2 protein chains.
Amino acid sequence: MSKLLQDVVGELSRLPGVGSRTALRLAMHLLRMEPEAVGEMTRSIDRFRRDVKYCSQCNNLSDDPLCPICADRERDHGTVCVVEQVADVLSIENTRQYRGLYHVLGGVISPMQGIAPSDLKIDLLCERLDRGGIREVILAISTSVEGETTLFYLMNRLRQYPGVKITSIARGIGFGDELEYVDALTITHALINRREME
Amino acid sequence: MSKLLQDVVGELSRLPGVGSRTALRLAMHLLRMEPEAVGEMTRSIDRFRRDVKYCSQCNNLSDDPLCPICADRERDHGTVCVVEQVADVLSIENTRQYRGLYHVLGGVISPMQGIAPSDLKIDLLCERLDRGGIREVILAISTSVEGETTLFYLMNRLRQYPGVKITSIARGIGFGDELEYVDALTITHALINRREME
């Protein structure tokens, strides 16, 4: 087998859900694409990985220091929805039902994977609350074991802000489901039926 | 949504079997990869697309002017197996049952997709036969409508070489199946039971 082909199949196989057979099929597709189109694709991947920036306030992906959501004066800056990852922001935005801001933790606490609370953007969330002006924090964390651990850890940390209402999205979402893959209607209902935490 | 993210999702969605949701998942995976690993991947894609070469004899992918199969003196240079695409060579090689050479057409005749016989490496095959030394040509073309068209076209062209035996791999492969996805055992039997064409 051509060394170049072997290399590209090996590299593509690193992607999630891509086995060596799919990688080979992708490589054959690359051959049928114009070289310029392939160049555009790889440049956009490189640019994304190298130049990607995070919002200094909410840790969402952003091309500017402040993401378009945090910079939007029309949105409710008194409500912050805490999510695990960037994809969750997109899922909630797709419902067009939520007008508050976000806070992207960047993962969940997972002793198995060596992810400690300090690896997540929890201090950044507390700094936002310290600055005041936030009335409600909605916790939209998935219902996995790691998600529950993170939820309880957050509740403990957020107790130091008695003036802030802490809510959690309703349990309309099945256990083990990942927010990223849930349909917009279920997410809408889970947002509407959010309950106050004791 | 970040422009950089939007770009990379758009570019990845061009790949076969990759929708916008999968593209987003791939993009999120890229963020978790080391920037150097992403750079290695994109460089291998660029190198593959830009530097890929084809064997001057059989049109298989090759880093050298002559591919390792054509250059192998141990193989039977009197037998040539004609296939549609590079992936088919890999499928047949995986059976470890075939010791002859290959000829990669680079597709099948498809009026629908505007692929004419002149777009395929059929002249290159005839040149090989003109040079002599080939006793048998095995046609291993898939059983689609386009494959059948190509098969009949090839049979007509190859009639000018009465000293060359023309065979076709046995119909052990279901109609509409693509050779690329057939298991090694079926391909082995199809090769063994190849029949001489009238």
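Residues numbered from 1 in each chain as written. Chains lettered and ligands numbered in written order. Predicted model: local features only at pLDDT ≥ 70, side-chain atom pairs only at ≥ 80, totals over all residues. Heavy atoms only, no water.

S.K.: Let's hear about the overall build of chain A: which residues, and what values?
M.R.: When its secondary structure is counted, chain A shows eight helices and seven strands. When burial is assessed residue by residue, chain A has 53% of its 198 residues classed as buried. Relative to all contacts within chain A whose residues are 6 or more apart in sequence, the contacts with residues 24 or more apart total 56%. Roughly 9700 Å² of accessible area belongs to chain A as shown, and the carbon and sulfur atoms make up 50% of that amount. (Helix = DSSP H or I, 4+ residues; strand = E, 2+ residues; numbered from the N terminus. Buried < 20%, exposed > 50% of the residue type's maximum accessible area, 1.4 Å probe, protein only. Contact = heavy atoms within 4.5 Å. Areas by Shrake-Rupley, 256 points an atom, 1.4 Å probe, with all protein chains shown as cover.)

S.K.: For the state of the cysteines, give the residues involved together with the corresponding values.
M.R.: All told, the structure shown has zero disulfides over all chains when counted by the stated rule. Sulfur of Cys55 of chain A: no disulfide; nearest cysteine sulfur belongs to Cys58 of chain A and is 3.8 Å away. Take Cys126 of chain B: it sits in no disulfide, and the sulfur closest to it among the cysteines is that of Cys58 of chain B, at 16 Å. Residue classification places Cys126 of chain B among the buried residues on the basis of a relative accessible area of 6%. (Disulfide = S-S within 2.5 Å.)

S.K.: Provide a residue-level description of the environment of Gly107 of chain B, including the pertinent values.
M.R.: Residues and elements named next belong to chain B. Here Gly107 lies in the loop between strand 4 (100-104) and helix 6 (122-130). Among the residues examined, Gly107 registers a relative accessible area of 17% and is labelled buried. Linking Gly107 and Asn193, residues 86 residues apart in sequence, is a C-alpha distance of 24 Å. Once you skip the residues sitting within four places of it in the chain, Gly107 turns out to touch Glu84 and Leu120.

S.K.: Could you give an account of the interface of chain B and chain A, with specific residues and numbers?
M.R.: Listed by partner, the interface residues are 47 residues for chain B and 47 residues for chain A. Buried surface at the junction of chain B and chain A, both sides included, amounts to about 4900 Å², of which 68% is carbon and sulfur. Looking at the side of chain B facing chain A, the largest losses of area belong to Leu4, Phe48 and Arg49 of chain B, adding up to 15% of the total buried there. A salt bridge links Arg47 of chain B to Asp7 of chain A, with the shortest nitrogen-to-oxygen separation between them at 3.7 Å. (Buried area = accessible area lost by both parts, 1.4 Å probe. Salt bridge = Lys/Arg side-chain N within 4 Å of Asp/Glu carboxyl O.)

S.K.: Please set out the relation of the copies chain B and chain A residue by residue, giving values where relevant.
M.R.: Once chain B has been moved 0.0 Å along the axis and rotated by 180°, it coincides with chain A to within an RMSD of 0.0 Å. When the rotation and shift are considered jointly, the pair of chain copies conforms to a two-fold rotation axis. Every residue of chain B has its C-alpha some distance from the rotation axis, and the shortest such distance is that of Thr42 of chain B, at 2.7 Å. Comparing interface residues between copies, 100% of those in chain B also sit at the interface in chain A, which points to an isologous, same-surface contact. (Least-squares fit on C-alpha atoms with pLDDT ≥ 70 in both.)

S.K.: Break down the packing of helix 3 (residues 35-51) of chain A against helix 2 (residues 20-32) of chain B for me, with residues and values.
M.R.: Helix 2 of chain B packs onto helix 3 of chain A with a crossing angle of 50° between their chain directions and a minimal axis gap of 9 Å. In terms of axis orientation, helix 3 of chain A runs oblique to helix 2 of chain B. Between helix 3 of chain A and helix 2 of chain B lies a crossing whose hand is right-handed. From helix 3 of chain A, Ile45, Phe48 and Arg49 of chain A reach across to helix 2 of chain B, where they touch Ala27, Leu30 and Leu31 of chain B. Classifying every residue of the contact of helix 3 of chain A with helix 2 of chain B by side-chain character gives five nonpolar, no polar and one charged. (Axes fitted to C-alpha atoms, helices over the stretch in contact; angles between N-to-C directions. Parallel < 35°, antiparallel > 145°, perpendicular 65-115°, else oblique. Left-handed = near helix turned anticlockwise from the far one by under 90°. Nonpolar A, V, L, I, M, F, W, Y, C, P; charged D, E, K, R; others polar.)

S.K.: Quick rundown of the confidence of the model for chain A? Include the residues and the values.
M.R.: Detail in the predicted coordinates should be disregarded across regions flagged by low pLDDT. All names here are of chain A. Averaged over all residues, the pLDDT of chain A equals 89, while 95% of them reach at least 70. Mean pLDDT per element in chain A: strand 7 (residues 195-196) is the minimum at 71, and strand 4 (residues 100-104) is the maximum at 96. Scored as a complex, the prediction yields pTM 0.70 and ipTM 0.72. (pLDDT = per-residue confidence, 0-100.)

S.K.: Explain unusual backbone geometry residue by residue, including any values.
M.R.: All names here are of chain A. Even without being a glycine, Asn59 presents a positive backbone phi close to 70°. Position of Asn59 among the secondary structure elements: in the loop between strand 1 (53-54) and strand 2 (61-62). Backbone geometry places Arg96, a non-glycine residue, at a positive phi of 55°. As for its position among the elements, Arg96 is in the loop between helix 5 (86-95) and strand 4.

S.K.: Give a detailed account of the pattern of salt bridges, specifying residues and quantitative values.
M.R.: Evaluation of the coordinates by the stated rule reveals 15 salt bridges over all chains. Arg135 of chain A is the partner of Asp76 of chain A in a salt bridge, and the nearest nitrogen-oxygen pair spans 3.0 Å. Of this pair, Asp76 of chain A sits in strand 3 (residues 76-83) while Arg135 of chain A is found in the loop between helix 6 (122-130) and strand 5 (136-140), placing the two residues 59 residues apart along the sequence. A salt bridge links Glu93 of chain B to Arg75 of chain B; the nearest nitrogen and oxygen atoms lie 2.9 Å apart. Note that Glu93 of chain B is positioned in helix 5 (residues 86-95) and Arg75 of chain B in the loop between helix 4 (68-71) and strand 3 (76-83), a separation of 18 residues in sequence. Looking at Glu93 of chain B, the relative accessible area reads 25%, which means it is partly exposed. Residue Arg75 of chain B is classed as buried on the basis of its relative accessible area, which comes to 7%.

S.K.: So, helix 3 of chain A: which residues are in play, and what are the values?
M.R.: Here helix 3 of chain A spans 24 Å end to end across 17 residues, near enough to the 24 Å set by a 1.5 Å rise per residue. Within the span of helix 3 of chain A, buried status applies to Ala37, Val38, Gly39, Met41, Thr42, Ser44, Ile45, Phe48 and Arg49 of chain A. (Expected span 1.5 Å × (residues − 1).)

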